[in-house]
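Tertiary structure, described
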Amino acid sequence: MSDGHLFNNILLGGRGGTNPGQLRVHSGGIAWKKQGGGKVVELGKSDIAGVTWMKVPRAYQLGVRIKDGLLYKFIGFREQDVTNLSSFIIKSIGIAPEEKQLSASGHNWGGIDINGNMLTFLVGSKQAFEVSLADVAQAQLQGKTDVFLEFHVDDTTGANEKDSLMDLSFYVPNSNTQFVGDEAHPPAQVLLDKISSMADVGSSSEESVTTFEGIAILTPRGRYSIELHLSFMRLQGQANDFKIQYSSVVRIFLLPKSNQPHTFVVITLDPPIRKGQTMYPHIVLQFETDHVIDCNLAMSEELLGSKYKDRLEISYKGLIHEVFTLVLRGLSGAKVTRPGKFRSCLDGYAVKSSLKAEDGLLYPLEKGFFFLPKPPTLILHDEIDFVEFERHGAGSSNAHYFDLLVRLKSEQEHLFRNIQRNEYSNLFNFISGKGLKIMNLGGGQSGNGVAHAIDEDDDDAVDPHLERIKRSAGDDESDEEDEDFVAGEDDGGSPTDDSGDEGSDASDSGGDESEKPAKREEKKEAATVKAPPAKRKAKDGDDDGKKRKAKKKKDPNAPKRALSGFMFFSNSERDKVKKNNPGMSFTDVGRTLGEMWKKMSAEEKEPYESMASADKKRYKVAMEDYKSGGTAAAIDIDSAEDSAED
């Protein structure tokens, strides 16, 4: 990169475990983003106080200390990266990285260095370990020589690692020369005083900046008092008590519920909090929309004017969800996401849906989808492979709904069911406008190719799936023939083509052609059942009705119809797919083969296309010989071709 260096698979170290991500060092500072989305760390050039390098097992660690005293550790650099990146940091950021050495002797005696709010234990001149004094909850003197430190219990740290540092004790003999004291203040007391002045001691019991009483939280379920402190947030309920460091807050979502008296505020965490064996990456709070409060912050004017300048005010008055969001954003520094441009047919911000048998609201946002309240599911646009609109099912009651399938690049699928039919146009327009790939459009088109279709009046530009939904929800469906099953129309495509329902056909996406006979018979049966009474009477043998055309008998001597390139490919790969996917249904095997064919390049398809070309020539010659056999043989040519096509 011309303006910096980009590194993949860099681990961010901390009490919450190590998370892999992408690190970018540029002229404006340092930015790290968690792999797969989530936590983002942005360190501006003006905030960086120091940079260090350290050789750790199998890699190098870049330590970045900011002026607030916090230290960020980025692990996973190669030896050749150290020199290049050091030169860039000196030139662009103006700070010369220092080199540290890690002690591996295992000795537990040495010296203590306190720099900012980081305490480093040194063995000789090498670092054995370091801890952040911001994580210290209590510090006390045990006897006259032992300094005991107790660390904050952060409910998010246990999500990614089994063990967490709870307490630590230092033995400081009276002969210590680093922390010189007297009889009234021995060296251990001097060290304790220094730690207490730098640590977050007593903050667990200190007065909070502000408190919100009796807030309903849907996940983890309960009613809590929410205390917002300077460095952490505490949720105190009757049965549970959670403490969450602001460094774990990734983003805040403010999502109103249209035509309802409540508003969602969702706090996304990384790492998540844990209750037993259940992880909660999203805290879903529910506020009364019209509740107005007055809020005064318990904060000194000096602190407000320095650290929180332009981020907080001394007092607030307004709707409770707005005040809570503003104060939490100011303290944590997390960004707030509000509803985007999407509007439902009722001018709301979400559509009613269900996920995993739970009813809720699906919020289409500018950079993703959020389903609430439970299971709270956040899907970023970058994670999506494609979306698919699915017909909900036959019957007058189900015809008023459709489903939305969202398939991720990780092959995980989320099926949002029971969305009202009148929400289709707004949802389709929004999704196609975001450039997401939309399957199941009848012509194998993606969202980019049909985004304009439903805005035009031309019949050829109408989205086929929308038309199917409209037709299936007709008021007099029981008295009218389903247009999907009308035979003999000539509108540029077979009306019995079910590609709009399945998302592919044999010619465009390689669907399994062997499925067609069953589907055609099913649709013929549906046409017979739904025909008007007059037509049924005629089919039952009424003298006034038109006689049914007798089905022609297949000539066993007719040549076998030529196979397509896809069919040669299917015959070659079908057994392999079945072997790799035991128990897979016949339909799913065909769909899998179709997806495989669709992803193949022209070069990969060439051998099968050559086989198809040769088979086509074979069929042509065979048909010429067959036709030359005489009139009697030619009588059944049409039926033979029909049977071969089936």
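Residues numbered from 1 in each chain as written. Predicted model: local features only at pLDDT ≥ 70, side-chain atom pairs only at ≥ 80, totals over all residues. Heavy atoms only, no water.

A tally of helices and strands in the protein yields 15 helices and 32 strands. Expressed as a percentage of its 646 residues, the buried residues of the protein come to 43%. Here the analysis covers contacts within the protein between residues at least 6 apart in sequence; of these, 49% occur between residues at least 24 apart. Put simply, the protein shows about 35300 Å² of open surface, and 46% of that area lies on carbon and sulfur atoms. (Helix = DSSP H or I, 4+ residues; strand = E, 2+ residues; numbered from the N terminus. Buried < 20%, exposed > 50% of the residue type's maximum accessible area, 1.4 Å probe, protein only. Contact = heavy atoms within 4.5 Å. Areas by Shrake-Rupley, 256 points an atom, 1.4 Å probe, with all protein chains shown as cover.)

If the charged atoms of two oppositely charged side chains come close together, the side chains can form a pair. Inspection of the entire model under this criterion finds 11 salt bridges. In this structure, the salt-bridge partner of Lys73 is Glu130, at a minimum N-O distance of 3.5 Å. Separated by 57 residues along the polypeptide, Lys73 in strand β7 (residues 71-77) and Glu130 in strand β11 (residues 126-132) bring together distant segments of the chain. Among the ionic pairs, Arg338 bridges to Glu322, the shortest N-O distance being 3.2 Å. (Salt bridge = Lys/Arg side-chain N within 4 Å of Asp/Glu carboxyl O.)

Take the sheet that holds strand β10 (residues 118-123) next. The strands making up a sheet associate through backbone hydrogen bonding, with each pair oriented either parallel or antiparallel. Read across the sheet, 3 strands follow the order β9-β10-β11 without closing on themselves; strand pairing throughout is antiparallel. Taken across any chain shown, the strands that pair with only one partner, and hence form the sheet edges, are β9 (111-115) and β11. Between one strand and the next, the sheet's axes are offset by a mean angle of 25°, whatever the strand orientation. With 6 bridges connecting them, β10 and β11 associate as antiparallel partners. Across the sheet, residue Leu122 finds its bridge partner in β11, namely Gln127. (Pairing = 2+ DSSP bridges. Axes fitted to C-alpha atoms, helices over the stretch in contact; angles between N-to-C directions.)

Right, let's talk about the packing of helix α11 (residues 565-580) against helix α12 (residues 586-599) for a bit. At a minimum axis distance of 10 Å, the contact between α11 and α12 shows a crossing angle of 120°. With respect to α12, the element α11 is oriented oblique. Here α11 runs over α12; the crossing is right-handed. Here α11 contributes Gly565, Phe566, Phe569, Ser570, Glu573, Arg574, Val577 and Lys578 to the contact with α12, which in turn contributes Val589, Thr592, Leu593, Gly594, Met596 and Trp597. Taken together, the residues of the contact of α11 with α12 sort by class into 7 nonpolar, 4 polar and 3 charged. (Parallel < 35°, antiparallel > 145°, perpendicular 65-115°, else oblique. Left-handed = near helix turned anticlockwise from the far one by under 90°. Nonpolar A, V, L, I, M, F, W, Y, C, P; charged D, E, K, R; others polar.)

So, on to the pairing of strand β4 (residues 40-44). Here β4 shows a buried face lined by Val41 and Leu43 and an unburied face lined by Val40, Glu42 and Gly44. Across 5 bridges, strand β3 (residues 29-34) lies against β4 in antiparallel orientation. The residue of β4 that forms the bridge with Ala31 is Glu42.

Moving on: the sheet that holds strand β6 (residues 59-66). Read across the open sheet, the 8 strands follow the order β4-β3-β2-β1-β7-β6-β5-β8; overall the sheet is mixed. The sheet is open, and its two edges are formed by β4 and β8 (98-100), each paired on a single side. Recorded for the sheet is a direction-independent mean angle of 30° between the axes of neighbouring strands. Pairing of strand β1 (residues 5-13) with strand β2 (residues 19-26), which is carried by 6 bridges, proceeds in the antiparallel orientation. If you follow His5 over to β2, its bridge partner there is Val25. Along the sheet, helix α1 (residues 79-92) contacts β1, β2, β5 (48-56), β6 and β7; its crossing angle with β1, the most-contacted strand, is approximately 105°.

Moving on: unusual backbone geometry. Cis rather than trans, the peptide bond between Leu372 and Pro373 has omega equal to 5°. Structurally, Pro373 is set in the loop between β27 (368-372) and β28 (377-380). Cis peptide bonds are those with omega within 30 degrees of zero, and the linkage from Lys374 to Pro375 qualifies with -5°. Assignment of secondary structure puts Pro375 in the loop between β27 and β28. The backbone of Ala357 sits at a positive phi, close to 70°, despite the residue not being glycine. The backbone of Glu411 sits at a positive phi, close to 75°, despite the residue not being glycine. Along the polypeptide, Glu411 turns up in the loop between β30 (401-408) and β31 (413-420). Accessibility expressed as a relative area gives 58% for Glu411, which makes it exposed.

Running from N to C, α11 and helix α13 (residues 602-627) cross one another at 120°; their axes reach a closest spacing of 7 Å. Overall, the two elements α11 and α13 adopt an arrangement that is oblique. Where α11 crosses over α13, the handedness of that crossing is right-handed. Facing α11, whose interface residues are Gly565, Phe568, Phe569, Ser572 and Glu573, α13 presents Tyr608, Glu609, Met611, Ala612 and Asp615.

Residue pairs three or four apart in sequence face the same way in an α-helix, which turns once every 3.6 residues. Between its terminal C-alpha atoms α1 stretches 21 Å, which fits the 20 Å expected from 14 residues at 1.5 Å a residue. For α1, every residue scored as buried is listed here: Asp81, Val82, Leu85, Ser86, Phe88, Ile89 and Ser92. Where α1 is buried, its residues meet β1, β2, β5, β6 and β7. The first or second residue beyond α1 is Gly94, which carries a positive phi of 85°. (Expected span 1.5 Å × (residues − 1).)

Residues Ile226, Leu228, Leu285 and Phe324 are the most contacted members of the largest nonpolar core, which totals 38 residues. The leading source of residues in this core is helix α4 (residues 320-332), at 6 residues. For Ile226, the contacting residues outside a window of four places in its chain are Thr210, Thr211, Phe212, Ile215, Ile217, Met233, Arg234, Leu235, Leu285 and Phe324. Counting 24 residues, the second largest nonpolar core, distinct from the first, contains Ile48, Val51, Tyr60 and Val82. (Core = buried A, V, L, I, M, F, W, Y, C linked by side-chain atoms within 4.5 Å.)

A few words now on the environment of Ser344. With respect to the element layout, Ser344 can be found in the loop between β24 (335-337) and β25 (351-355). Taking the C-alpha atoms as reference points, Ser344 and Tyr424, 80 residues apart in sequence, are found 9.3 Å from one another. Ignoring any residue separated from it by four or fewer positions in sequence, one finds Ser344 in contact with Ala350, Val351, Glu423 and Asn426. Of note is the side chain of Ser344, whose polar atom sits 2.9 Å from the backbone nitrogen of Gly348. (Polar contact = N/O pair within 3.5 Å; in protein donor to acceptor, adjacent residues only side chain to side chain.)

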